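Listed here are the chains, written in short residue letters.
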There are 2 protein chains.
Amino acid sequence: MEKEYPKPSVTVDIIVFSVQNNDLKVLLIKRAIDPFKDNWAIPGGFIKLEESLENAAKRELKEETGIDYAYLEQLYTFGDVNRDPRGRVITVAYYALLDKESAKQIIKADTDVSDVAWFSVAKLPTLAFDHSKILEYALKRLKWKFEYTTVGFSMLPKKFTLTDIQETYETIFNKKFDKRNFRKKILSLGILKPEGKMKQVSNRPPEMYSLKKKIGEVVGILPSQ
Amino acid sequence: MEKEYPKPSVTVDIIVFSVQNNDLKVLLIKRAIDPFKDNWAIPGGFIKLEESLENAAKRELKEETGIDYAYLEQLYTFGDVNRDPRGRVITVAYYALLDKESAKQIIKADTDVSDVAWFSVAKLPTLAFDHSKILEYALKRLKWKFEYTTVGFSMLPKKFTLTDIQETYETIFNKKFDKRNFRKKILSLGILKPEGKMKQVSNRPPEMYSLKKKIGEVVGILPSQ
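Residues numbered from 1 in each chain as written. Chains lettered and ligands numbered in written order. Predicted model: local features only at pLDDT ≥ 70, side-chain atom pairs only at ≥ 80, totals over all residues.

Asks: Where do I start with the overall build of chain A in this structure?
Replies: Of the regular secondary structure elements, chain A holds five helices and nine strands. The secondary structure elements of chain A, listed N-terminal to C-terminal, are β-β-β-β-α-β-β-α-β-α-α-α-β-β. Along the first, second and third principal axes, the C-alpha set of chain A runs to 70 × 35 × 30 Å. Residues counted as buried form 35% of the 225 residues belonging to chain A. Intrachain contacts of chain A at a sequence separation of at least 6 include 68% that bridge at least 24 residues. (Helix = DSSP H or I, 4+ residues; strand = E, 2+ residues; numbered from the N terminus. Buried ≥ 20, exposed ≤ 12 C-beta atoms within 10 Å, placed from the backbone. Contact = placed C-beta atoms within 7 Å.)

Right, dumping it as structure tokens:
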């Protein structure tokens with residue numbers, strides 16, 4: 001088999017999203033090596049033969065950004081023939097969602113990487129390889145996922161208010177939702193467990209909730225909005 | 001780069017679905033070569049360095065089954081370390097949907113393949129590699145896709161009746177839907193274009209429709225069923 005089939009290289013790339021100050025951010029690294037030296041890119045790298053794709057994604061994320069926990073899901077595999085000047089490189093893209101606290105983790109630069117920074121998805125730099133196209137696809141899929149599944153709750157703390165949910169959705173979709181309709185729809189899904197009133201708030205403390213379902217389950221959150 | 005990173009092999013596999021006599025079928029090939037010689041498997045094979053992933057999927061489908069047209073969409077990339085006894089092989093899985101007429105295309109066996117046949121998903125043989133797991137995932141995703149997108153219409157002729165749609169959905173979900181609610185929901189989506197009454201039917205000819213949207217668009221077809 002070794003001689004019959006010339007092999008492509010395989011990488012993983014991880015698009016890391018977080019919401020900060022009601023702004024959707026993506027984590028990018030600055031490349032310290034060629035090709036595309038000094039260009040911003042999505043974190044990632046070559047897989048090792050003895051690790052699964054998901055473990056490769058976790059390892060690269062940790063090595064290049066210091067992040068060691070995030071909701072991680074495979075997004076799509078990009079394999080256009082000329083997407084990498086080094087030869088045939090197929091990349092398995094993952095997306096990762098961080099909650100606000102995890103997004104504050106110290107982010108560090110690896111040897112292959114000279115800088116790491118959060119960028120607003122509304123103000124992105126030019127990216128290396130086909131990473132602009134990959135990021136555009138990731139944003140589209142992220143919106144679908146928010147509409148139809150519980151992935152969005154991975155960006156919230158374990159206990160949250162209905163306002164927390166609405167603000168996160170408004171940030172992802174970059175629009176306002178009617179407060180009454182949004183709450184009614186979310187509560188009608190039967191996915192939330194009441195956790196009592198928020199503490200340390202003197203006047204009209206809001207209700208706290210936790211998620212009863214697994215992150216990523218298909219529940220049809222916003223199809224009628 | 002060549003020496004630094006030992007490379008995995010990359011294959012594509014294509015899970016081909018069609019509905020025949022109100023039964024969901026999948027197209028399988030019998031392997032003529034080792035490993036898993038004489039076992040049934042999902043059609044597929046190694047990618048060539050000069051072809052895109054999607055073109056590799058189309059080529060393998062044509063070579064192994066004779067099918068040269070189907071709705072094709074990337075499903076997921078499977079890369080567990082020990083999924084192939086030949087070494088590290090990562091496979092990019094696609095699913096293909098055929099309409100009834102295309103499913104009647106003569107299916108042929110390639111040199112690597114000693115037989116090709118349709119199997120009911122309810123009565124599957126033991127499959128080679130991790131193909132049972134891949135097929136199980138494909139079935140789960142197929143149902144989600146039918147719930148939230150227009151992919152199901154790729155299994156219908158260009159002009160169809162509301163009964164055609166309902167029967168296809170009932171086959172995929174293996175359950176009956178209430179006729180009145182189903183029709184009301186489908187018509188409320190605004191995705192159908194009326195095409196007049198069916199011809200050559202004497203008594204109460206049914207209305208024909210075509211799809212106004214692209215195949216695969218997200219429209220939220222069945223979330224409330």
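So much for the structure itself; the text now carries on.
Asks: Just checking my understanding: could you explain the relation of the copies chain B and chain A for this structure?
Replies: Two chain copies, one operation linking them: a rotation about an axis together with a shift along it. Rotating chain B by 180° about the axis while translating it 0.0 Å along that axis superimposes it on chain A, leaving an RMSD of 0.0 Å. Both copies of the chain, as the preceding transformation shows, are related through a two-fold rotation axis. Most of the interface of chain B is mirrored in chain A, where 100% of its interface residues are also at the interface. (Least-squares fit on C-alpha atoms with pLDDT ≥ 70 in both.)

Asks: How do you make sense of unusual backbone geometry when you look at a structure like this?
Replies: What is expected of a backbone is that most residues other than glycine have negative phi and most peptide bonds are trans. Residue and element names in this part refer to chain A. Following aspartate 34, the chain continues into proline 35 via a peptide bond in cis, with omega recorded as -10°. With respect to the secondary-structure elements, proline 35 resides in the loop between β2 (23–31) and β3 (40–41). Residues other than glycine seldom take positive phi values, yet asparagine 21 does so here, at roughly 50°. By secondary structure assignment, the location of asparagine 21 is in the loop between β1 (9–20) and β2. Note on asparagine 21: 8 C-beta atoms within 10 Å, which makes it exposed.

Asks: Even after reading the chapter, I still don't get the confidence of the model for chain A, so can you show me in this structure?
Replies: Confidence along chain A averages 91 in pLDDT terms, with 95% of residues attaining 70 or more. With a pTM of 0.93, the predicted complex shows an ipTM of 0.91. (pLDDT = per-residue confidence, 0-100.)

Asks: How should helix α3 (residues 131–148) of chain A be read in this particular structure?
Replies: Owing to its 3.6 residues per turn, the α-helix brings residues three or four apart onto one side. An ideal rise of 1.5 Å per residue puts 26 Å on 18 residues; α3 of chain A measures up with 25 Å between its terminal C-alpha atoms. Among the residues making up α3 of chain A, those that are buried are His131, Ile134, Leu135, Ala138, Leu142, Lys145, Phe146, Glu147 and Tyr148 of chain A. (Expected span 1.5 Å × (residues − 1).)

Asks: Help me out: how do you make sense of the interface of chain B and chain A in this one?
Replies: Bring the parts together and some accessible area is lost; that lost area is often taken as the interface size. Between chain B and chain A, the residue contacts involve 29 residues of the former and 29 residues of the latter. Listing elements by their share of the side of chain B that touches chain A, those giving two or more residues are β1 (9–20), β5 (71–78), β6 (89–97) and α3 (131–148) of chain B. Partitioned by chemical class, the residues of the side of chain B that touches chain A number 17 nonpolar, six polar and six charged. (Nonpolar A, V, L, I, M, F, W, Y, C, P; charged D, E, K, R; others polar.)

Asks: How should the packing of α3 of chain A against helix α4 (residues 162–173) of chain A be read in this particular structure?
Replies: The description of two packed helices rests on the angle between their axes and on the distance between the axes. Residues and elements named next belong to chain A. Viewed as axis vectors pointing N to C, α3 and α4 meet at an angle of 150°, and their least axial separation amounts to 10 Å. Here α3 runs over α4; the crossing is left-handed. Residues Leu142, Lys143 and Phe146 of α3 lie in contact with α4, whose contacting residues are Tyr169, Ile172 and Phe173. A per-class count over the contact of α3 with α4 returns five nonpolar, no polar and one charged. (Axes fitted to C-alpha atoms, helices over the stretch in contact; angles between N-to-C directions. Left-handed = near helix turned anticlockwise from the far one by under 90°.)

Asks: Help me understand the domain arrangement of chain A, please; the structure alone is not making it clear to me.
Replies: Residue and element names in this part refer to chain A. Annotation of chain A at the domain level lists domain 1 (9–148) and domain 2 (151–211). Centre-to-centre, using C-alpha coordinates, domain 1 lies 28 Å away from domain 2. Each side of the interface is counted separately: domain 1 has 14 residues, and domain 2 has 12 residues. If you list the elements that add at least two residues to the side of domain 1 that touches domain 2, you get β1, β2 and α3. In terms of residue count, the dominant contributor to the side of domain 1 that touches domain 2 is α3 (four residues). (Domains from an automatic or database assignment.)

Asks: Whenever I open this one, the environment of phenylalanine 153 of chain B confuses me. Can you help?
Replies: Residues and elements named next belong to chain B. Take phenylalanine 153: it is sitting in the loop between α3 and α4 (162–173). The exposure class of phenylalanine 153 is buried, given the 28 C-beta atoms found within 10 Å. Expressed as a C-alpha distance, the spacing of phenylalanine 153 and leucine 98, which sit 55 residues apart in the sequence, is 9.9 Å.

Asks: Would you explain helix α5 (residues 179–188) of chain A in this entry?
Replies: In terms of burial, α5 of chain A is largely open, as just one of its 10 residues are buried. The positive-phi residue at the C-terminal boundary of α5 of chain A is glycine 190 of chain A, with phi of around 70°.

Asks: Explanation requested: the environment of leucine 135 of chain A in the structure shown.
Replies: Residue and element names in this part refer to chain A. One can find leucine 135 in helix α3. A count of 22 C-beta atoms within 10 Å places leucine 135 in the buried class. The sequence separation of leucine 135 and valine 26 amounts to 109 residues, and the corresponding C-alpha distance is 9.0 Å. Not counting residues up to four positions away in its chain, the partners in contact with leucine 135 are Ile15, Val26, Ile42 and Leu127.

Asks: I'm lost on the environment of aspartate 13 of chain B in this one. Help?
Replies: All names here are of chain B. One can find aspartate 13 in strand β1. Given 24 C-beta atoms within 10 Å, aspartate 13 falls into the buried group. The spacing of aspartate 13 and threonine 91 is 78 residues in sequence and 6.6 Å in space, taken between C-alpha atoms. Beyond its immediate chain neighbours, meaning those up to four positions away, aspartate 13 contacts Ile42, Gly44, Thr91, Ala93 and Ile134.

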